[in-house]
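# Summary of structural features
Each chain, written out:
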Amino acid sequence: MYFSDTYFHNFRNLRQGRVSWSPGFNLITGPNGAGKTNFIEGLNLISGWGPLERTTKISSVPSWEGTEDVKASLWAKASGEEDIDLFASISMKCSLKCGDKITAASAMRAKVPVMTFLSDGMSLVRGGASSRRVLLDRIGAIISPSYAMRLHDYRKILRQKTILLRKGRDVSPADRVLAPLGIWLWTAREEILRLMASSIIECGDLLACPMELVFARGGGGLAAAPSDDFRSSLAAKGRRERELRMPLIGPQRDDVKLLCNGMDASLFLSRGQSRRAAAALILAAAAVVKRKVGRKPVLIFDEITSELDDCGRSALLEALLKTGCQVFGATTDRLDYDDVSIQMMRDGRFLNTGL
Ligand SMILES: Nc1ncnc2c1ncn2[C@@H]1O[C@H](COP(=O)(O)OP(=O)(O)OP(=O)(O)O)[C@@H](O)[C@H]1O
Ligand SMILES: [Mg+2]
């Protein structure tokens, strides 16, 4: 899928107007504060992923600049595997429409799959396990409608189990509900990672050395099959859970170990190399989505050139072009590449579209 046109109204600092986009590589360039990340946030919102993490409150999205209108509205035309008009109406909350039908965010994510790589994307390699789990969950939510639902249910029961543990109560009823959900999530995440591992090989030029992706089940590792592992790990660590009064087994503690030459990638790779490795993970994720959903995801990279040398920039550019996906890259650098459509931005306006 790709966004052929967008029209954002009253959205952060962006000036109202229609912009047409290339189905290939779009590079948005402009000074600090131009509105590049805001635009990326608009795409993130309209495709069902909500505001970027920098803002927790959706109510901060409508423009605060001298307007009575407290509502922002976004429209985008998506084309490719299907032609769809997408709408988002945002005030205290965000409601989405596909054509004239109100659409749940989960359905929107599968219709127009979007993978976003933000300026802190390097945390995929250098950060804690939660950033890698977020990536697996994003892929899971796109490729399987029940993934997000099961994850939600799992977390709900896990909270109840935590309360029971804190009160020193019997947790076996909670464990009976948690086990099938946890086993399902382990199985789904392992499958996603297996597909990513086979795709990341194609990102060879981006990587300083081959990177191995190893799934580490949270608190597990006592048996090969997820079902046996979950149950035996619960039995083996139940007492410890009661002592510590916190759940120790399950997807909430999963990690993906990234290994370069058998070493932890965060120790082995330089910052620029880590950024390239993180970008390679996003590309591998995109390949999984393309394969499982049968739709090409839109790839969004904020601060796309950050910390990359000339060689890294060319490698990333080539890898992105090779995917055949639509790409939005934002940067403050003035770049000029063949095959890239440049949109200059200043003060919330796209300059070369006459807005
Ligand atoms: N609700 C809002 N209404 C109006 N302006 C806003 C709103 N929210 C944020 N802004 C402004 O939008 C401006 C642009 O922010 P944005 O993060 O998109 O810039 P950027 O082009 O990505 O810059 P950088 O290169 O520094 O990352 C900021 O100066 C901010 O004050
Ligand atoms: Mg920015």
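Residues numbered from 1 in each chain as written. Chains lettered and ligands numbered in written order. Predicted model: local features only at pLDDT ≥ 70, side-chain atom pairs only at ≥ 80, totals over all residues.

Before going further, it helps to spend a moment on the overall build of the protein. Per the secondary structure count, the protein includes ten helices and 15 strands. At 22 Å, the protein has a C-alpha radius of gyration in line with the 20 Å of a compact globule built from 355 residues. Expressed along its principal axes, the backbone C-alpha trace of the protein runs to roughly 65 × 50 × 35 Å. Scored against the burial criterion, the 355 residues of the protein give a buried share of 43%. Residue pairs in contact within the protein that sit at least 24 positions apart in sequence constitute 73% of those at least 6 positions apart. (Helix = DSSP H or I, 4+ residues; strand = E, 2+ residues; numbered from the N terminus. Rg over C-alpha atoms; globule rule 2.2 N^0.38 Å. Buried ≥ 20, exposed ≤ 12 C-beta atoms within 10 Å, placed from the backbone. Contact = placed C-beta atoms within 7 Å.)

What follows concerns the nonpolar core. A280, L281, I282, A284, A285, L299 and I300 are the most contacted members of the largest nonpolar core, which totals 101 residues. In terms of residues, this core owes the most to one element, helix α9 (residues 271–293), which gives 13 residues. A domain split of this core shows at least three residues from each of domain 1 (1–113 + 295–355) and domain 2 (121–293). Every residue in contact with I300, bar those within four places of it in the chain, is listed here: I40, L43, V114, M115, T116, F117 and F328. (Core = buried A, V, L, I, M, F, W, Y, C linked by C-beta atoms within 7 Å. Domains from an automatic or database assignment.)

Here the focus is the domain arrangement of the protein. When its domains are assigned, the protein resolves into domain 1 (1–113 + 295–355) and domain 2 (121–293). For domain 1 versus domain 2, the distance between C-alpha centres works out to 28 Å. Going through the elements one at a time, α2 (105–111) and α10 (310–323) are the ones with two or more residues in the side of domain 1 that touches domain 2. Considering each element in turn, the side of domain 1 that touches domain 2 owes the most residues, six residues, to α10. Residues that form the side of domain 1 that touches domain 2 fall into these classes: nine nonpolar, three polar and six charged. (Nonpolar A, V, L, I, M, F, W, Y, C, P; charged D, E, K, R; others polar.)

Where α9 contacts α10, the two axes come as close as 11 Å, and the packing angle between them is 0°. In terms of their interaxial angle, α9 and α10 are classed as roughly parallel. Note on element contacts: α10 touches α9 through G312, A315, L316, A319 and T323, opposite G272, R276, A279, L283 and A286. Among the residues making up the contact of α9 with α10, the classes are represented as six nonpolar, three polar and one charged. (Axes fitted to C-alpha atoms, helices over the stretch in contact; angles between N-to-C directions. Parallel < 35°, antiparallel > 145°, perpendicular 65-115°, else oblique.)

Quick look at the sheet that holds strand β7 (residues 101–103) now. Pairing within the open sheet is antiparallel, and its six strands lie in the order β2-β1-β4-β5-β6-β7. Looking at strand neighbours, the two that pair on one side only are β2 (17–20) and β7, the edges of this open sheet. With direction set aside, neighbouring strand axes in the sheet form an average angle of 25°. Pairing analysis gives seven bridges linking strand β4 (residues 72–79) to strand β5 (residues 84–90), with the strands arranged antiparallel. Among the inter-strand pairings, S73 is bridged to a residue of β5, identified as S89. (Pairing = 2+ DSSP bridges.)

With that settled, the discussion passes to the site of ligand 1. Taken together, 15 residues lie near ligand 1, and N13, N32, K36, T37 and N38 sit nearest. Considering only residue class, the shell around ligand 1 consists of two nonpolar, ten polar and three charged. (Near = placed C-beta within 6 Å.)

Hairpin connection, β4 to β5: the antiparallel pair is bridged by four residues, and G80 has positive phi, about 120°. Hairpin connection of β5 to strand β6 (residues 94–98): three residues between the antiparallel strands.

Let's shift gears to the packing of helix α4 (residues 129–143) against α9. One can describe the packing of α4 onto α9 by two numbers: an axis separation of 10 Å at closest approach and a directional angle of 15°. Taken together, the axes of α4 and α9 lie roughly parallel to each other. Like other packed secondary-structure pairs, α4 and α9 cross with a definite hand, here right-handed. In contact with L135, I139, I142 and I143 of α4, α9 contributes L281, A285, V288, V289, K292 and V293. Split into classes, the residues belonging to the contact of α4 with α9 amount to nine nonpolar, no polar and one charged. (Left-handed = near helix turned anticlockwise from the far one by under 90°.)

This next bit is on the sheet that holds strand β3 (residues 25–29). Strand order in the open sheet formed by six strands is β8-β12-β13-β3-β14-β15, with mixed pairing between adjacent strands. Two strands close off the open sheet at either side, each with one partner strand: β8 (114–117) and β15 (349–350). Looking at chain direction, strand β14 (residues 340–346) and β15 are connected through two bridges and run antiparallel. Directly across from R346, in β15, lies its bridge partner R349. Sheet contacts for helix α1 (residues 36–46): β3, β8, β12 (298–301), β13 (327–331) and β14; angle to β13, the most-contacted strand, approximately 155°.

It is worth spelling out the environment of N10 at this point. Looking at where N10 falls in the secondary structure, it is placed in the loop between β1 (2–9) and β2. Distance from N10 to L74, taken between C-alpha atoms, is 8.6 Å for residues 64 residues apart in sequence.

Further remarks concern unusual backbone geometry. Its identity is not glycine, yet N10 carries a phi of approximately 60°, on the positive side. Residue class for N10 comes out partly exposed when judged on the 19 C-beta atoms lying within 10 Å of it. One non-glycine residue, R12, adopts positive backbone phi at about 45°. Secondary-structure assignment places R12 in the loop between β1 and β2. By the C-beta count within 10 Å, which is 21 here, R12 ends up buried.

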